[in-house]
Amino acid sequence: QQIDVLVTDVQMPNMSGLELARKAKQRVSDMRVMFVSGHRDFHYVKEALSLQAYSYVLKPVDDQELVEALVRVRRDLDESRKREALELEIRRTLNREPSADAGAAAQGGSNTASAGGRNGKLIAQIQSHLSERLSRQITLKEVADEFAFSPNYLGQLFKESTGRTFHEYLVELR
């Protein structure tokens, strides 16, 4: 079973917690790491940050601080899993669209998805969404969040479907 969270001391007898975290993240890159340490030395904090530490709790450990950090990790994991499940569900749905498009085309109908590839419907919705909000500041992250995608994945879909990046399209639209 995959490990989601590693809670480790910075200083341990056989291997430092920093080295343990580095090796663990090589195996499970999205693992959340929390460090517990009696060291306030910036070197340790800097090293922990380079390992994308989720939290750095100083000894003596305040139980409430540790519990709050664990609750934040749990929430983050839950949100991440929900987003991944939703993205997977959307990908599965989008992968079924070409057959629906082919059926509509065979009957002489048209479908906006066929114009933009298999993700045409989604991209058309996003384009409509952008057109309605031109007067406001719009970022790819905000749109990705609204459509339950990661910004990188949505940007990739947008480029594949339109031949332009999200930002290029937005500039042209304005």
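Residues numbered from 1 in each chain as written. Predicted model: local features only at pLDDT ≥ 70, side-chain atom pairs only at ≥ 80, totals over all residues. Heavy atoms only, no water.

(A) View of the nonpolar core. Counting residues in each nonpolar core, the largest one holds 19 residues, and the members touching the most others are L122, I126, L130, V143, F149, L154 and F166. Elements with a minimum of two residues in this core: α3 (63-106), α5 (120-132), α6 (140-146), α7 (151-162) and α8 (166-173). Apart from the residues lying within four places of it in its own chain, the contact partners of L130 are I138, V143, F166, Y169, L170 and L173. Core analysis: the next-biggest nonpolar cluster, separate from the first, contains 13 residues, L6, V10, V33 and Y56 among them. (Core = buried A, V, L, I, M, F, W, Y, C linked by side-chain atoms within 4.5 Å. Buried < 20%, exposed > 50% of the residue type's maximum accessible area, 1.4 Å probe, protein only. Helix = DSSP H or I, 4+ residues; strand = E, 2+ residues; numbered from the N terminus. Contact = heavy atoms within 4.5 Å.)

(B) Representation of unusual backbone geometry in the model. The omega torsion across K59 and P60 is -5 degrees, close enough to zero to call that bond cis. Despite not being glycine, A148 has its phi angle at roughly 60 degrees, a positive value. Relative to the helices and strands, A148 is located in the loop between α6 and α7.

(C) The packing of α5 against α7, seen in detail. Two elements in contact, α5 and α7, have axes separated by 10 Å at closest approach and are oriented at 100 degrees. Classified by the interaxial angle, the pair formed by α5 and α7 is roughly perpendicular. Counted together, L122, I123, I126 and Q127 of α5 and L154, L157, F158, S161 and T162 of α7 form the full contact between these two elements. Across the contact of α5 with α7, the residue classes tally to six nonpolar, three polar and no charged. (Axes fitted to C-alpha atoms, helices over the stretch in contact; angles between N-to-C directions. Parallel < 35°, antiparallel > 145°, perpendicular 65-115°, else oblique. Nonpolar A, V, L, I, M, F, W, Y, C, P; charged D, E, K, R; others polar.)

(D) Region of the structure containing the pairing of strand β2 (residues 32-37). Burial analysis of β2 places six of its six residues in the buried class, the great majority of the element. Here β2 shows two buried faces, one formed by R32, M34 and V36 and the other by V33, F35 and S37. Pairing of strand β1 (residues 5-9) with β2 involves five bridges; the strand directions are parallel. Residue pairing across strands places L6 opposite V33, the latter belonging to β2. Relative to strand β3 (residues 55-58), β2 is paired through four bridges, and the arrangement is parallel. Its bridge partner being in β3, M34 is matched across the sheet by S55. For the crossover that starts at β2, traverses helix α2 (residues 42-50) and ends in the parallel β3, the hand is right-handed. (Pairing = 2+ DSSP bridges. Right-handed = clockwise from strand over helix to strand, strands pointing away.)

(E) Representation of the side chain of H129 within the structure. By the secondary structure assignment, H129 is in helix α5. Ignoring sequence-local partners within four residues, the contact set of H129 consists of V143, E146 and F147.

(F) How the structure looks around the sheet that holds β3. Reading across from one edge, β1-β2-β3 is the order of the three strands in this open sheet, with parallel pairing throughout. In this open sheet, the two strands that pair with only one neighbour each are β1 and β3. Averaged over all neighbouring strand pairs, the angle between strand axes comes to 20 degrees, with direction disregarded. Against the sheet, helix α1 (residues 17-27) makes contact with β1 and β2, and its axis sits at roughly 160 degrees relative to β1, the strand it touches most.

(G) A look at α5. Its 13 residues give α5 an end-to-end C-alpha distance of 18 Å, which sits within 8% of 18 Å, the value for a rise of 1.5 Å per residue. Burial in α5 covers these residues: G120, L122, I123, I126, H129 and L130. (Expected span 1.5 Å × (residues − 1).)

(H) The pattern of salt bridges, seen in detail. Tallied over the entire structure, the rule returns 10 salt bridges. The salt bridge involving E47 is made with R22; its shortest N-O contact spans 2.3 Å. With E47 in helix α2 and R22 in helix α1, this residue pair connects regions lying 25 residues apart in the sequence. One salt bridge in this structure joins K141 and D145, with 3.0 Å as the shortest N-O distance. With K141 and D145 both in helix α6 and four residues apart, this pair spans about one turn of that helix. Of the residues examined, D145 reaches a relative accessible area of 35% and is grouped as partly exposed. (Salt bridge = Lys/Arg side-chain N within 4 Å of Asp/Glu carboxyl O.)

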